[in-house]
Amino acid sequence: QVQLVESGGGLVQPGGSLTLSCKASGSIYRIYTMAWYRQTPGKQRELVATITSGGNTIYADSVKGRFTISRDNSKRTVYLQMNSLKPEDTALYYCDANVQRTVLTTTENYWGQGTQVTVSS
């Protein structure tokens, strides 16, 4: 099995910063693209940022210039540095990873359980 565990969420004032982490563990041969999504009640889950195993990144327009996604392949961990946070960034943030479990298997997508980020004064 593969587990993704997020951490780093919390309550922060507008303009503040937070860094989320997501560590993958379990039976893993290789991790391809990793990503962060977020979701608020009543809305669809939306993509925040993605990063390939080679470090190429894509960001949602709403977070460009404020959020930075990075990863440490040796630690099987992806990070999301969030600066200049706004109340509209409040959401449950999920980690996603495209994983190949063995050299003989195809890739599968895995999700973490989510970590809450609340931006409020």
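In short, a report on the structure. What you are looking at is a predicted structure, and each value in this text was computed from that prediction instead of being measured. (Residues numbered from 1 in each chain as written. Predicted model: local features only at pLDDT ≥ 70, side-chain atom pairs only at ≥ 80, totals over all residues. Heavy atoms only, no water.)

## Looking at the sheet that holds strand β7 (residues 67-72)
Spatially, the four strands line up as an open sheet ordered β1-β3-β8-β7, and their pairing is antiparallel. Bordering the open sheet on either side are β1 (2-7) and β7, each of which pairs with just one other strand. When the angles between neighbouring strand axes are averaged without regard to direction, this sheet yields 15°. Alignment of β1 against strand β3 (residues 18-26), held across six bridges, turns out to be antiparallel. Residue pairing for β3: Glu 6 is matched across the bridge by Cys 22. (Pairing = 2+ DSSP bridges. Helix = DSSP H or I, 4+ residues; strand = E, 2+ residues; numbered from the N terminus. Axes fitted to C-alpha atoms, helices over the stretch in contact; angles between N-to-C directions.)

## With respect to the pattern of salt bridges
Counting across every chain of the model gives four salt bridges. Arg 38 is the partner of Glu 46 in a salt bridge, and the nearest nitrogen-oxygen pair spans 2.6 Å. Its relative accessible area of 6% is what places Arg 38 among the buried residues. Across the pair Lys 64 and Asp 61 runs a salt bridge, and its minimum N-O distance is 3.1 Å. Through salt bridges that share partners, Arg 38, Glu 46, Arg 66 and Asp 89 make up one connected network. (Salt bridge = Lys/Arg side-chain N within 4 Å of Asp/Glu carboxyl O. Buried < 20%, exposed > 50% of the residue type's maximum accessible area, 1.4 Å probe, protein only.)

## Remarks on the pairing of strand β8 (residues 77-82)
Sheet topology places β3 next to β8; six bridges connect them, and they run antiparallel. Among the inter-strand pairings, Leu 18 is bridged to a residue of β8, identified as Met 82. Where β7 lies against β8, six bridges are found, and the strand directions are antiparallel. Bridging from a neighbouring strand, Arg 71 pairs with Val 78 of β8. The hairpin turn running from β7 into β8, its antiparallel successor, is four residues long, and Arg 76 in that turn takes a positive phi close to 55°.

## Some thoughts on a nonpolar patch on the surface
Residues Tyr 29, Val 103 and Leu 104 make up a contiguous nonpolar surface patch of roughly 380 Å² in combined accessible area. Structurally, Val 103 is set in the loop between β9 (91-100) and β10 (107-111). (Patch = residues over 30% accessible without salt bridge, like charges linked within 9 Å, V, L, I, M, F, W, Y side chains within 5 Å. Areas by Shrake-Rupley, 256 points an atom, 1.4 Å probe, with all protein chains shown as cover.)

## A closer look at the packing of aromatic side chains
The full count for this structure, using the stated rule, is two aromatic pairs. When the ring of Tyr 94 is compared with that of Trp 111, the centres are 6.5 Å apart and the planes differ by 85°; the resulting orientation is edge-to-face. Of this pair, Tyr 94 sits in strand β9 while Trp 111 sits in strand β10, and the two are 17 residues apart along the sequence. These aromatic residues form a ring-pair network of at least three members: Tyr 37, Tyr 94 and Trp 111. Of note, Arg 45 hangs over the ring of Tyr 94, and the distance from its end group to the ring centre comes to 3.7 Å. (Phe/Tyr/Trp six-rings, centres within 6.5 Å; stacked < 30°, edge-to-face > 60°. Lys NZ or Arg CZ within 6 Å of the ring centre and 35° of its normal.)

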